[in-house]
Amino acid sequence: MRNPVLEIHDLAKTFRLHVQGGIEIPVFDGIDLALHPGECLALVGASGAGKSTLMRSIYANYHANGGRILVQHRGTVVDMVGAEPRTILDIRRRTMGYVSQFLRVVPRVATEEIVAEPLRMTGVEAAAATDRARALLARLAIPERLWSLAPATFSGGEQQRVNIARGFIAGYPILLLDEPTASLDAANRRIVIELILEAKARGTAVIGIFHDREVRDAIADRLFDLKPGELAA
Ligand SMILES: Nc1ncnc2c1ncn2[C@@H]1O[C@H](COP(=O)(O)OP(=O)(O)OP(=O)(O)O)[C@@H](O)[C@H]1O
Ligand SMILES: [Mg+2]
């Protein structure tokens, strides 16, 4: 088997609420996992178990308190815990994508440009990136009349599909998906399942939270069960 693209050792996260008397909220401790190219790991566990916190820690949105998050990046291995901010930005540009549950809407930027941006950031020329964005938007059944508009006024499901298009366009080796199908109808869910399966077939490693059983059964190779507070003894 090829080397893992992502390896987590003994990862710990505790929130400290400085404005509330320094109260500590231990979320997890001792997390170990490895992810290989083309694999999909589904995070499961009760609400509040720490699934989103684990994803945000992997993306270095949250700073882990202990452990290592080793990522294969441009032929080297980088530890996201303690990496330089510019290294983290480069990893987010080249290696690891993150589809959050909600689109962060940038006012006045056209949908097709929002979707094309991650591909442009990898060095693809603007017109080619926009063409690719349009193809993805069409595939995700976003009506063509909306492509030149900012997505602020789009429906929840439309915004979620724009977010998915943005997450998939650059073909990152690692993809983090936080409930990518939560607001979608059955037909659009099928399209997203196809996109994920195609990405896996190209070698993308996926970690996701999929509450929908149909989605999870279709794409996950393994489950990773997070138990609230239990690990953080
Ligand atoms: N920024 C934060 N500051 C303080 N506590 C937080 C923060 N983010 C999450 N928590 C706490 O960490 C715990 C795990 O939250 P998290 O959002 O990771 O759960 P989850 O498994 O994703 O739940 P859900 O299925 O409801 O999305 C919760 O107890 C939550 O209150
Ligand atoms: Mg969550």
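Residues numbered from 1 in each chain as written. Chains lettered and ligands numbered in written order. Predicted model: local features only at pLDDT ≥ 70, side-chain atom pairs only at ≥ 80, totals over all residues. Heavy atoms only, no water.

**Student:** Tell me about the site of ligand 1, and please be specific about residues and values.
**Tutor:** As a matter of local geometry, ligand 1 sits amid 13 residues, with S47, G48, K51, S52 and T53 nearest to it. Note that an oxygen atom of ligand 1 is positioned 3.3 Å from one of the backbone N or O atoms of A49. Those elements that provide at least two residues to the shell around ligand 1 are β1 (6-17) and α1 (51-58). Residues that form the shell around ligand 1 fall into these classes: six nonpolar, six polar and one charged. (Near = heavy atom within 4 Å. Polar contact = N/O pair within 3.5 Å; in protein donor to acceptor, adjacent residues only side chain to side chain. Helix = DSSP H or I, 4+ residues; strand = E, 2+ residues; numbered from the N terminus. Nonpolar A, V, L, I, M, F, W, Y, C, P; charged D, E, K, R; others polar.)

**Student:** Summarise the nonpolar core; cite the residues concerned and give the values.
**Tutor:** Membership of the largest hydrophobic core comes to 37 residues, with the highest contact counts inside it found for V162, I164, F168, L177, I196 and F210. Going through the elements one at a time, β3 (40-44), α3 (111-121), α4 (126-139), α5 (156-168), β7 (174-178), α6 (186-201) and α7 (213-219) are the ones with two or more residues in this core. The greatest single-element share of this core, amounting to six residues, is contributed by α6. The contact partners of V162, leaving out residues within four places of it in the chain, are L103, T111, I114, V115, L137, I142 and F154. Grouped together as the second largest cluster of nonpolar side chains are 34 residues, L6, I31, L54 and I69 included. (Core = buried A, V, L, I, M, F, W, Y, C linked by side-chain atoms within 4.5 Å. Buried < 20%, exposed > 50% of the residue type's maximum accessible area, 1.4 Å probe, protein only. Contact = heavy atoms within 4.5 Å.)

**Student:** Can you break down the layout of surface pockets residue by residue, with the values?
**Tutor:** Here the largest pocket is characterised by a volume of approximately 770 Å³. Taken together, 24 residues line the largest pocket, and the ones lying closest to its centre are Y59, R104, E117, P118 and R166. Residue assignment for the lining of the largest pocket shows that the elements contributing at least two residues are α2 (85-94), β6 (96-99), α3 and α5. In terms of residue count, α3 provides more of the lining of the largest pocket than any other element does, six residues in total. (1 Å grid on protein atoms, 1.4 Å probe; cavity = no way out; pocket = protein on both sides within 12 Å on 5 of 7 lines; lining within 4 Å. Points joined across faces, edges and corners; volume = space filled by probe spheres on them.)

**Student:** For empty space enclosed by the protein, give the residues involved together with the corresponding values.
**Tutor:** Applying the stated rule across the entire model yields one cavity of 30 Å³ or more. The wall of the largest cavity is formed by G167, F168, G171, Y172, L175, A199, R202 and T204. Partitioning the lining of the largest cavity into residue classes produces four nonpolar, three polar and one charged.

Nothing here speaks to function; it is all geometry.
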